[in-house]
Amino acid sequence: MAAYITRRLLSTIVVMLLVGVFVFMLLHIAPGDPAAIIAGDNATPAEIASIRQQLGLADPLSVQFVRWFWDLLHGNFGRSIFYETPVITLIGQRLPATLSLTALTIAFAVILAVASGVIAAWRAGGWLDGFLMGFAALGFSTPVFVVGYFLIYFFAIRLRWLPVQGYVPLSHGLWPWLSHLILPTVALGLAYVALIARITRASMLEVLAEDYIRTARAKGASTEAILFRHALKNAGVPIVTVIGIGVALLISGVVITETVFNIPGVGRLAVSAITNRDYPIIQGVMVIFSGAYVIINLLVDISYTLIDPRVRY
Amino acid sequence: MSDLAISTVFLRRRGFATFIGRNRRIALGGGVILFMILAAAAAPLYAGNPNIMNPMVRLEAPSATHWFGTDALGRDVFARTVYGAQISLAIGLSVAVLAVGLGMLIGLPAGYYRRFDALVMRVMDGLMSIPSILLAIALVALTHGGVPIVIVAILLPEMPREVRLVRAIVLSVRERPFVEAAIAGGARTRKVLLRHILPSTFAPLTVQGTYVCASAILVEAALSFLGAGVPPSIPTWGNMIASSQLYLGLAPWTMFFPGVALAVLVLAVNLLGDGLRDHLDPRLARSL
C-alpha cells in the first residue's frame, strides 16, 4: 500500500512536470515573438521590449523554464500584465466563487446521479429506467451554455424565481449565496450527473447479477438494504473512478458556466485574460486547474482500498 | 473488447432491413446525422444568405418569410442555423478521423514497445490533465484562430483517449495465442502489428470515434461561444448563441434554434455511438 502510494505520488509529480512543460511551451510554440503576441497588435516597440524584459524572454528557453517552474513551486505565478498584480492574488480573490460553484455541483451531481443510477438499475428495462437513461443521454448531449440560458430564460426571466446572473459571497447570507448558485449548479452539473448515472447503472447491473445478491434476497433483506448496503458498496470502484475523471468535464464547464452566469470566478478570469493576452494569468489558471484534476484523481486511486478491501496493490 | 472487424459484422447480417430493425439507435442517430449533412451541404440551394443584414427586420419573431425569425442585425436565423451545421459537422468529423488515426499511429507502438510506452503514456496523462477548453482557447488566442487551428486545439486534448484505448487493446491482444503463433511463425513485427493486432482495434475505435465527434462538436460550440473559435464572419451555433445572449428575454428564438440544433446533433452522434457499441460488442451491451 505504502509502496503503491509512493509510486503513484512519483508519477503524479512527473505528470505535473509535463503539464508545466506544456503550459510553458504553449507561448513559445505559437508563431512569432512571444512578447509581441502578449503586447497585442497596437504595441509600440518600447512596450514589446519592456514585456520581454519583464518576462525574461531574452534568456535561453531552458533557463526560462527552470526559473518559471522554480517560482511556481514557491507559489509565485508571476505578475499579471493587464492588472499589474501578482497572479496568485488574482486567483485567490476569485477562488471562493469557483469553489462554491464546484463544491455545490459535485455534491448535487453525485447524490442525484448515484440515486438515479441505482433506481435505473433496480428497474432495468422498465419505463423509469428508460426515462432516467433518456434524460441522461440528453443531459450528456446538451452544452452547458444552452442549458444555462434555457434555465435563465424560464426560471429567471419568465418565472422570476431566481436571480438572472451574478454571485453573492456566503458572508452576505446563506439564501442570497445559494439563490445565485442554483441555476449555475444545475447547468454545470447536468452532464456530470448523466455521466455518473450511466456508469452507476452499469456497475450496479453487474453486481446485482452476483450470487451474494440472491443470497441476501433469499434471507429476506429489504430492497433498500440490498441496493445500498450490498450492491452499491460493491459497485463503488467504477463510480468513484468516473467521479474523478468527470472532474475534467466539470473544469471545462466551470469556464463556460462562469461566463454565462457572470460569476467572478477563476474560469472567467482565464477567459478575460485570453482576450487581454495576459499570458501569466492563463498559465497560472491552467496549472491550478490541472493540479486540482491530478490531485483529485490521485485521491480517487487511493480511495479504492477504502471502498473495496479486495483491491490490493 | 470484441475482436471482430466491423466489416465482417456488417456483412454477416442478412439484410439492411433486418439490420435497421435490430439497431434502432444506429438508424435514428445515423438518420439524423445524414439528414443534417445533406441539409448543410445543400444549404446554398435553399437557405438564403446567412450574412445579409437588414436593419428593417431586427429581432422579428418566426414568420412565413423568416421561419426561425431574425437576429439583432436583421439576419435570417434559419439561414444561419443551416450554415452553422457546416462548421459543427466539418470540425466534428475531422477531429474524430484525426483522433482515431493518431490513436492508431501512437497507440500501436506504445502498446508493443515497453520503453516507448512509459514515455508516451506520461505525456498523454499530462495532456489529459490540462483542461481542454482552456488549452484550446489559449492555442486559438495565441495563433489568431482559423479553422485548422481550432481543429488542432480540439484534437490535442481529445487524442489521448484514443491512444490509451489502442494501447490497452494491443496490450491484451498481444498475449493471445494467434499473435504468439504469428510471432513464433517468424512474422516480422510490422506485420504482426498491422495484420494481426490492428484489426482488433477497429470496432472499439469506431465507437470511441463517434464519442470524440460528439465531444468535438460540443467543444467547437463552446469555443465559438467564448469568442475563441473560428472567425466571427462564419456563422456557427456557438457564436449565434453568444451574440443573442443580450436579447434572451426579447427574442428567445435567436438562441432557441441554434441551441436545439446543437443538442439534437450531439444527441444523434451519441445515440449512434451507443448503438454501435451495443452492436459491435454485445458483451459490453449487456452490462451497459
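Everything quoted here is computed from the prediction, not taken from an experiment.

What counts and how
Numbering of residues starts from 1 in each chain and follows the order in which that chain's sequence is written. As a convention, the first chain written is A and the first ligand written is 1, with the rest following in written order. Owing to the predicted nature of the model, reporting of local features is limited to residues with pLDDT of at least 70; listing and counting of side-chain atom pairs is limited to 80 or more, with chain, interface and lining totals taken over all residues. In computing side-chain properties, one takes all heavy atoms of the structure into account and sets aside hydrogens as well as water. Runs of E in the DSSP output that reach at least two residues are strands. Runs of H or I that reach at least four are helices, and both are numbered from the N terminus. Side-chain atoms alone can form a polar contact between residues adjacent in sequence; in general such a contact is a pair of N or O atoms within 3.5 Å, and within protein one must be able to donate a hydrogen while the other accepts it. By the convention used here, residues are in contact when the closest approach between their heavy atoms is within 4.5 Å. Buried area: the accessible area, evaluated with a 1.4 Å probe, that two parts lose upon being put together, summed over both parts. By salt bridge we mean one thing: a side-chain nitrogen of Lys or Arg within 4 Å of a carboxyl oxygen of Asp or Glu. The residues that make up patches have over 30% relative accessible area and no salt bridge, and they are joined within 9 Å when like-charged or within 5 Å when they are Val, Leu, Ile, Met, Phe, Trp or Tyr. The accessible surface values rely on the Shrake-Rupley method and a 1.4 Å probe; as for residues, cover is taken only from the protein chains in view. In this tally Asp and Glu are treated as negative and Lys and Arg as positive; neither His nor the chain ends contributes. Every charge is mapped to an atom, namely NZ of Lys, CZ of Arg, CG of Asp or CD of Glu. Three exposure classes are used, based on accessible area relative to the maximum for each residue type with a 1.4 Å probe and protein chains only: buried under 20%, partly exposed in between, and exposed over 50%. Helix span, expected: 1.5 Å multiplied by one less than the number of residues in the helix. By definition, a residue's bend is the angle between the axes fitted to the seven residues ending there and the seven starting there. Axis lines are fitted to C-alpha atoms, over the contacting stretch for helices. Their N-to-C directions set the angle, which ranges from 0 to 180 degrees. Any angle that falls under 35 degrees is termed roughly parallel, while one over 145 is termed roughly antiparallel, one within 65 to 115 roughly perpendicular, and all others oblique. Note that Gly is not counted as nonpolar here; it falls among the polar residues with everything else outside the nonpolar set of Ala, Val, Leu, Ile, Met, Phe, Trp, Tyr, Cys and Pro and the charged set of Asp, Glu, Lys and Arg. Every residue is assigned a pLDDT by the predictor, reflecting its confidence on a scale from 0 to 100. The start and end points of each domain follow an automatic or database-based domain assignment. By definition, turning the near helix anticlockwise from the far helix through less than a right angle yields a left-handed crossing, and turning it clockwise yields a right-handed one. When two rings of Phe, Tyr or Trp (its six-membered ring) have centres within 6.5 Å they constitute a pair, described as stacked for plane angles under 30 degrees, edge-to-face for angles over 60, and tilted for the intermediate range. Placement of a positive charge over a ring is assigned whenever Lys NZ or Arg CZ falls within 6 Å of the ring centre and within 35 degrees of the normal to the ring plane. Residues belong to a common nonpolar core when they are buried Ala, Val, Leu, Ile, Met, Phe, Trp, Tyr or Cys residues joined through side-chain atoms within 4.5 Å.

Novice: Break down the side chain of Thr142(A) for me, citing the residues and quoting the values.
Specialist: Inspection of the secondary structure assignment puts Thr142(A) in the loop between α6 (127-141) and α7 (144-158). A polar atom in the side chain of Thr142(A) sits 2.7 Å from the backbone oxygen of Leu138(A). Once residues lying within four places of it in the same chain are set aside, the contact partners of Thr142(A) are Val147(A) and Ala263(B).

Novice: Please set out the interface of chain A and chain B residue by residue, giving values where relevant.
Specialist: Each partner contributes residues to the interface: chain A has 47 residues there, and chain B has 42 residues. Together, the buried faces of chain A and chain B total about 3,700 Å²; carbon and sulfur atoms form 78% of this surface. Per-residue buried area on chain A facing chain B is highest for Ser141(A), Phe145(A) and Tyr149(A); these three make up 16% of the total on that side. Linking chain A with chain B are 1 salt bridge.

Novice: With reference to specific residues and values, describe a positive patch on the surface.
Specialist: Residue and element names in this part refer to chain B. Where like charges cluster on the molecular surface, the positive patch consists of Arg 188, Arg 190, Lys 191 and Arg 195. Mapping Arg 195 onto the fold places it in helix α10 (residues 189-197). Looking at Arg 195, the relative accessible area reads 58%, which means it is exposed.

Novice: Quick rundown of helix α8 (residues 147-173) of chain B? Include the residues and the values.
Specialist: Helix length check: α8(B), at 27 residues, gives a terminal C-alpha distance of 38 Å against a target of 39 Å (1.5 Å per residue), a fit within 8%. Of all bends in α8(B), the biggest is about 40 degrees, found at Leu156(B), and the proline Pro157(B) comes one to four residues later.

Novice: Give a detailed account of the packing of helix α12 (residues 247-260) of chain A against helix α7 (residues 132-143) of chain B, specifying residues and quantitative values.
Specialist: Relative orientation of the contacting elements α12(A) and α7(B) amounts to 60 degrees, with a least axis distance of 7 Å. Of the possible angle classes, the one that applies to α12(A) and α7(B) is oblique. Between α12(A) and α7(B), the contacting residues are Ser252(A), Val255(A) and Ile256(A) on the first element and Ser132(B), Ile133(B), Leu134(B) and Ile137(B) on the second. Broken down by class, the residue content of the contact of α12(A) with α7(B) amounts to 5 nonpolar, 2 polar and no charged.

Novice: Can you tell me about the confidence of the model for chain B, naming the residues and giving the values?
Specialist: Residue and element names in this part refer to chain B. Per-residue pLDDT for chain B averages 82, and the proportion of residues at 70 or more is 90%. Of all helices and strands in chain B, the one with the weakest mean pLDDT is helix α14 (residues 282-287) (49), whereas helix α5 (residues 77-112) scores best (90). Confidence drops under pLDDT 50 across residues 1-5; counting only partners more than four residues distant or on other chains, this segment forms 16 contacts. In the predicted assembly, ipTM is 0.84 and pTM is 0.86.

Novice: Report on the domain arrangement of chain A, specifying residues and quantitative values.
Specialist: The figure often quoted for interface size is the accessible area lost as the parts come together. Residue and element names in this part refer to chain A. When cut into domains, chain A gives domain 1 (33-76) and domain 2 (93-307). Between the C-alpha centres of domain 1 and domain 2 the distance comes to 38 Å. Tallying the contact residues gives 6 residues for domain 1 and 6 residues for domain 2. Regarding the contact of domain 1 and domain 2, the summed buried area is about 470 Å², with carbon and sulfur atoms giving 67% of it.

Novice: Explain the packing of α7(B) against helix α11 (residues 199-226) of chain B to me, using residue names and the numbers behind them.
Specialist: Residues and elements named next belong to chain B. Following both chains from N to C, one finds α7 and α11 inclined at 55 degrees, their axes separated by 11 Å at the closest point. With respect to their mutual orientation, α7 and α11 come out oblique. Helix-helix and strand crossings are classified by hand; for α7 and α11 the assignment is right-handed. Touching Ile 133, Ala 136 and Ile 137 of α7 are Val 219, Ala 222, Leu 223 and Leu 226, all from α11. For the contact of α7 with α11, the class distribution of residues is 7 nonpolar, no polar and no charged.

Novice: Lay out the side chain of Ser224(B) in plain terms, naming residues and giving numbers.
Specialist: All names here are of chain B. With respect to the element layout, Ser 224 can be found in helix α11. Polar side-chain contacts of Ser 224 include one of 2.8 Å to the side chain of Glu 220. Contact partners of Ser 224, with chain neighbours within four places excluded, come to Gly 229, Val 230, Thr 236, Gly 238, Asn 239 and Ala 242.

Novice: Can you tell me about the packing of aromatic side chains, naming the residues and giving the values?
Specialist: Residue and element names in this part refer to chain A. Scanning all chains against the criterion turns up 14 aromatic pairs over all chains. Ring geometry for Phe 24 and Phe 65: centres 5.2 Å apart, planes at 65 degrees, overall edge-to-face. Note that Phe 24 is positioned in helix α1 (residues 2-29) and Phe 65 in helix α4 (residues 61-73), a separation of 41 residues in sequence. Just as Phe 24 is buried, Phe 65 falls in that class too. A ring pair is formed by Phe 155 and Trp 161, whose centres lie 5.9 Å apart and whose planes are at 45 degrees; its orientation type is tilted. You can call Trp 161 exposed: its relative accessible area is 60%. Each member of the aromatic cluster is reached from another via a ring pair, and the members are Phe 24, Phe 65, Trp 68 and Phe 69. The ring of Tyr 83 carries the charged tip of Arg 94 above its face, separated from the ring centre by 5.9 Å. The lysine or arginine in question, Arg 198, covers the ring of Phe 140, its NZ or CZ lying 6.0 Å from the ring centre.

Novice: Which residues make up the pattern of salt bridges, and what are the values?
Specialist: Going through the model one piece at a time under the given rule, you end up with 12 salt bridges over all chains. Put simply, Asp211(A) and Arg214(A) hold a salt bridge, and the shortest N to O gap is 2.9 Å. Here Asp211(A) pairs with Arg214(A), and both are found in helix α9 (residues 211-218), just 3 residues apart, close to one helical turn. The same class applies to Asp211(A) and to Arg214(A), which are both exposed. Across the pair Arg25(B) and Asp278(B) runs a salt bridge, and its minimum N-O distance is 2.0 Å.

Novice: Give me the environment of Ala40(B): which residues, what numbers.
Specialist: All names here are of chain B. Turning to its location among the elements, Ala 40 is positioned in helix α3 (residues 24-41). Sequence separation of Ala 40 and Ala 222 is 182 residues, and the distance between their C-alpha atoms is 20 Å. Sequence-distant contacts of Ala 40, defined by excluding residues within four places in its chain, comprise Val 82, Ala 85, Gln 86 and Leu 89.

Novice: I'd like to hear about the environment of Phe228(A), residue by residue, with values.
Specialist: Residues and elements named next belong to chain A. Its place among the elements puts Phe 228 in helix α10 (residues 223-234). Under the relative-accessibility criterion, Phe 228 is labelled partly exposed at 44%. Taking the C-alpha atoms as reference, Phe 228 lies 8.3 Å from Val 118; in sequence the two are 110 residues apart. Setting aside its immediate chain neighbours within four residues, Phe 228 contacts Val 118 and Lys 233.

Novice: Explain the nonpolar core to me, and be specific about the residues and the numbers.
Specialist: Judged by nonpolar contacts, the single largest core of 159 residues is most densely connected at Phe145(A), Tyr149(A), Ile256(A), Val285(A), Ile137(B) and Phe225(B). Examining the composition of this core, we find that 14 residues originate from one element, α11(B), more than from any other. Both domains that furnish three or more residues to this core are identified here as domain 1 (33-76) and domain 2 (93-307) of chain A. The contact partners of Tyr149(A), leaving out residues within four places of it in the chain, are Val260(A), Phe225(B), Ile241(B), Gln245(B), Leu248(B) and Met255(B). Residues Leu165(B), Val179(B), Val192(B) and Ile197(B) belong to the second largest nonpolar core, which totals 14 residues.

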